[in-house]
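Working through the structure, step by step
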Amino acid sequence: MVVVSMITFAIFFLVPRLAGQTPELMAARYVGPRARSDQYHEVAERLGFFDPIHVQYWHWLKAIFVGMEFNYGNGVEHCPAPCFGYSYLRSTPVWPDLLERVPVTASLAIGAAVIWVLFGVSTGVISALRRGSIFDRVSMGTALAGVSLPIFFTGLMTLVIFSYGHPFRITAPGSSYTPFTENPAEWAYDLILPWITLAFLFAAAYARLTRAGMLETMHEDFIRTARAKGLAERAVVLKHGLRAALTPIVTIFGLDLGLLLGGAVLTESTFSLPGLGKYAVDAVMRQDFPQVMGVTMFATFFIVVANLVVDILYAVVDPRVRVG
Amino acid sequence: MPMALGSEPITTSDTSPGRGSESIKGRSLGQIAWSRLRRDKAAVGGGVVVILLILVAIFAPLIVALLGHPPEEFHQELLDRTRGGIPTGTFGGMSRDFLFGLEPVSGRDLFSRVVYGARVSLLIAFLATLLSVVIGTVLGVIAGYFGGWVDSVIGRLIDLVLAFPLLLFAIVLVGVIPQSAFGLTGNGLRIAILVFIIGFFNWGYIARIIRGQALSLREREFIDAARSLGARGPYIIFREMLPNLAAPILVYSTLLIPTNILFEAGLSFLGVGIQPPTPSWGQTLATAVRFYNLPHYIFWPGMAIFITVLAFNLFGDGLRDALDPKTK
Amino acid sequence: MRKKTVSTVATATVLAMAMSACSSTPNNGGTNAPTPEFNAAVGKIYYESDYKGGTLKFAISEDWDSVDPGDTYYGLSWNLVRLYARSLVMYRPAPGPAGLELVPDLAESLGEVSDDGLTWTYRLREGVKFEDGTPITSKDVKYAVMRAIDTTGTLQNGVGIQGGYLQAILDLPDGDYGPYAAPGQDVSAITTPDDRTIVFHLKQPFSGFDYIAMLPLTAPVPESADDGVNYKTHVVSSGPYKFESYNAGVGFTLVRNENWDPATDPNRKALPDRYEIRLGVAADDIDNQIASGDLDVDLAGTGVQSAMLAQVLDENNPLHARADNPGSARQWYTSIIGRTAPLDNVHCRRAILYAYDRTGYQTAYGGPLAGGDISTQALVPPIPGYQKFDLYPAGPDNTGDLDKARQELAECGHPNGFDITIAYRSDRPKEQAVAESLQQSLARVGINLTLLGHPTSGYFSSFTDEFIREHNIGLATNGWAADWNDGYGFLGAIVDSRLIGPGSSNLGVNDPSIDALIDQALLEPDLDKRTAIWSEIDRKVMEGAFIVPGVWSKAVTLRSKNAANVFVHEAFGQYDYMAMSVAPPA
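Structure report, in brief. (Residues numbered from 1 in each chain as written. Chains lettered and ligands numbered in written order. Predicted model: local features only at pLDDT ≥ 70, side-chain atom pairs only at ≥ 80, totals over all residues. Heavy atoms only, no water.)

**Some points on the sheet that holds strand β7 (residues 197-201) of chain C**
All names here are of chain C.
- With antiparallel pairing, the four strands of this open sheet are ordered in space as β4-β5-β7-β6. Single-partner strands in this sheet number two, and they are β4 (112-113) and β6 (190-194).
- Of the pairings in the sheet, the one linking β4 to strand β5 (residues 119-123) comprises two bridges and is antiparallel in character. Directly across from Val-113, in β5, lies its bridge partner Trp-120. (Pairing = 2+ DSSP bridges. Helix = DSSP H or I, 4+ residues; strand = E, 2+ residues; numbered from the N terminus.)

Written out as structure tokens, the structure reads:
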């Protein structure tokens, strides 16, 4: 986490500086398009852009834990802990924005995850058990196509077919996110297309993974042993085969979910969902560096947590890792 | 998400290392693999398409000279200017003259743009893959050969890189780089940055696989033999280990290329990739979004990405099956 | 009073539900709903109605600078702000040219000017109140103006920014002023003899001061509620509606302000009960939702997107009758930056003006209807003083006169052309299309353009001398809408060479004789003579070939299915957001 925070910081402060940006030019981006050039130096000074790099890093890091105050024009702006930065362009702290967008991204990621795990894993298992059957061929062909399609292309296609074209319009896309707590039906209705789009890609990848894993484990010695013991085939498959094959999938699932929770950038952009990923893209377009930094740190946080959870789950699913 | 595709090699890496098997007597592994690959129709098809695509990219100017119009030439006379500059002909103006129809507003030849788009796409994907493979192989071999604390440090590094929110970092990095830097400007700079970012954050999978393979190779008799004959580290790494790692390196570079193509397209789609008027598939798609009522405009660049990625995936899958001794 | 309020709200909810139920059925023609037709809301009111109640739903694809009346510089915002903020003076809410007339709003009458022309006095109406019931005084107006022109530049977006009109006109002290820079200081440039009177003291006579009094920054702000930039999160209303909720970057809702007294306000009918404004809705989705009746207005007011455009301009499409095609006092053009060689030579600049493809420029903006009419000069038709002329005829098909261009190039000493860079806003597809079109058409005479995209944010402030030199920038796409509809309100900020510098919208017009004419126009008390000077300035800008004219902006907009009292207000070139109301239920 520390390393990640340093890298994040480096990207924002060192890279532009190395590439020849002066503190004044950085400040110019912060004070907005209509400020006069003679104010840049002053603003840059006020924002601490002339401090040594390690001081700037320390300030930024400290702000996350104890909050920070920004001397910016009219008096002082407070940015209470956890202060993930303060957007000078918008004159707002970043943290509340992030909190506001987490539910959107989480709804998208978790909803899609349920779909893709259900479809992906079951398709993979059936394909593996009926290797070479028509089902296997069709589903694996579809899966290969699925992982080869750019998600923004599938997303556009679903939009064009199901939404923009009025006759089939099944949902209002674009920012029409309704919180679950407000109206669960509308929540699901607004998210259905992004869910399907995102889940299709992942289901395809997971079906391929599950199938490969199952094929491999079904040839393992312990499966043969289980069969030899006279266990029913159903029990062999579910209790032994699937369990072993699932172990690596759990790892990947954790990492994928962690990544998505940090912002499903392309999906959110395609469907204009106001989640973390869209936030990041918009902030980059506006060159609002504090916002970008905040959202990047936040996303990394999810990934670190996901890694931890995966390690724990691993112990549960894989008997070999069980301690004691 | 393109990054999800990268998740595939993880499993393979978790299951395949340490299972190297002997080649069947009389035929080298390469010969066996070749004969297997030839029998895999899907892989052969993928391979043929891949070669065709590379040829298309290389001979883009020739193809366009024969079948199209220069990719940046306007043909506004073929547009309905009163209706926002959409092509007058049916199906976006598709005809023998304009195979894929015209781009609205500018009237540029979509066929030429898609053909030229292959250049950017493949160039970036290949260079980025090369960078990943070099970094990944070097670090993987070092970790696998030396083991111990070197291995655990590199192992940590691999974990870190694999955990990076890659796409997010990429858009951010491209976003903060000014218009000119490091002595480069314009699209030269863009391509360099894209290659660097995609390549530099994508070496984790390869490194993990190579590390696993190298670890198992280290324990093998011929390495011991070389060592007892007095061979030193570099000799063993370059002369004994690398040749034996060629197969997994080849397979995973082939599988990394489509991931990188999707990645570049995604970045261009988000507007942080190649800058106009240089054609790029992702960017064309991003523009086409605004003209969703003109299906041809979305269809062709979308299909170009799809076919390219599919071909590389088919070929890579076939290559893996052919080179993997387990599939008998 | 209170009881009545509750029942109104209840009725409104029922009606709103009825409305939305209606909108899903294909035909919701009201009892006396007129038949829709193309341009039915341009120059006249479409569907006049006194029906009170209902909700109007607005949306926009991005966010604008601020809802703080003192911190905003967008036409759409000035249009919308009238719902919750009352400036001293306003445009008459009427269709056609009548809308350009100024009428008193918070003030009882237009400004009274002293004999020497140096003081302008306004008297507030009796009984005007803030949303919390406190009376509005002239001190609140003075405070609002001072915070907007504060020398710290705390409010960075509004018209009050440093180097703007107010600094040029008001007799302000040297050094710091404003409530943030100099708290407690009293500035004699604005005085408040009593609670209802406010007097502005000018440096020199300025006959158009009522236009200044029209700016949203004269809307009163209570000092106790002001906390600088954050005021936008809790704006205190002086108009018929107040903020019910404000969600930064997401949207806000406006509801009736019970302390607004219709008797003090002859201009606002305040018919709807509620306004819902959503931000960040995908632009194409906004079009589709307006078409289906789920939304009423695209706040941006710049017209429908390309995909909807093709449908709307198809005369066989039922949506055609719901479209309007208003023009606005805006020009999309490209600045020629004379600091970059060889554009320091007027002949090289003229070569560009002869060589570029005007129809290509127009097509890049969407063609004659969606983009606008081809422009050949700096002024646009809605501005008094506009007289059509064309110094650089571009041949019969308007695609450029290449022979003339080559002649000019030869005179400039670059017979084979030259290489320069064009900067454009990379997040604006139309400007990208313009840059690509210019690249194509100028290449015909050997002028080779390199494209340089830059985000809209920070676009103008990036034009430092170093930036221009480093990239060899000779052209930069630009666009300008009148701050108000007279020569100064349109040209003042874009042709005065003394403003050139990072952050200024004037990127290239650099001619001391134009500056002298501007000063002369400001002092000229006679309207006709003043107008004539602006015409002369217009001609001089073109003689010097400082800009590549693009289009006089028009837009194809989609009229709401559910709204009444719809008309395009000429001052904004958009539907009048204040006058629009909900159509009576069928």
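**Topic: the packing of helix α5 (residues 94-129) of chain A against helix α6 (residues 134-148) of chain A**
All names here are of chain A.
- At a closest axis distance of 8 Å, the pairing of α5 and α6 adopts a crossing angle of 140°. By the angle between their axes, α5 is oblique relative to α6. As for the relative orientation of α5 and α6, their crossing is left-handed in sense. Taken together, the residues of α6 that come into contact with α5 (itself represented by Thr-123, Ile-126 and Ser-127) are Phe-135, Asp-136, Ser-139 and Met-140.
- Of the residues contributing to the contact of α5 with α6, the split by class is three nonpolar, three polar and one charged. (Axes fitted to C-alpha atoms, helices over the stretch in contact; angles between N-to-C directions. Parallel < 35°, antiparallel > 145°, perpendicular 65-115°, else oblique. Left-handed = near helix turned anticlockwise from the far one by under 90°. Contact = heavy atoms within 4.5 Å. Nonpolar A, V, L, I, M, F, W, Y, C, P; charged D, E, K, R; others polar.)

**A short note on helix α12 (residues 281-288) of chain B**
- The buried count for α12 of chain B comes to six of eight residues, which makes it a mostly enclosed element.
- Taken residue by residue, α12 of chain B has Trp-281, Gly-282, Gln-283, Thr-284, Leu-285 and Ala-288 of chain B as its buried positions. (Buried < 20%, exposed > 50% of the residue type's maximum accessible area, 1.4 Å probe, protein only.)

**A few points about the pattern of salt bridges**
- The full count for this structure, using the stated rule, is 32 salt bridges over all chains.
- Residues Arg-108 of chain B and Glu-103 of chain B are paired through a salt bridge, measuring 3.1 Å at the closest nitrogen-oxygen approach.
- What makes Arg-108 of chain B buried here is its relative accessible area of 6%.
- Since its relative accessible area comes to 4%, Glu-103 of chain B is described here as buried.
- Between Arg-425 of chain C and Glu-431 of chain C there is a salt bridge; the shortest N-O distance is 2.9 Å.
- Look at Arg-425 of chain C and you get buried, because its relative accessible area is 5%.
- One network of salt bridges, in which partners are shared, links Glu-103, Arg-108 and Arg-113 of chain B together with Glu-436 of chain C. (Salt bridge = Lys/Arg side-chain N within 4 Å of Asp/Glu carboxyl O.)

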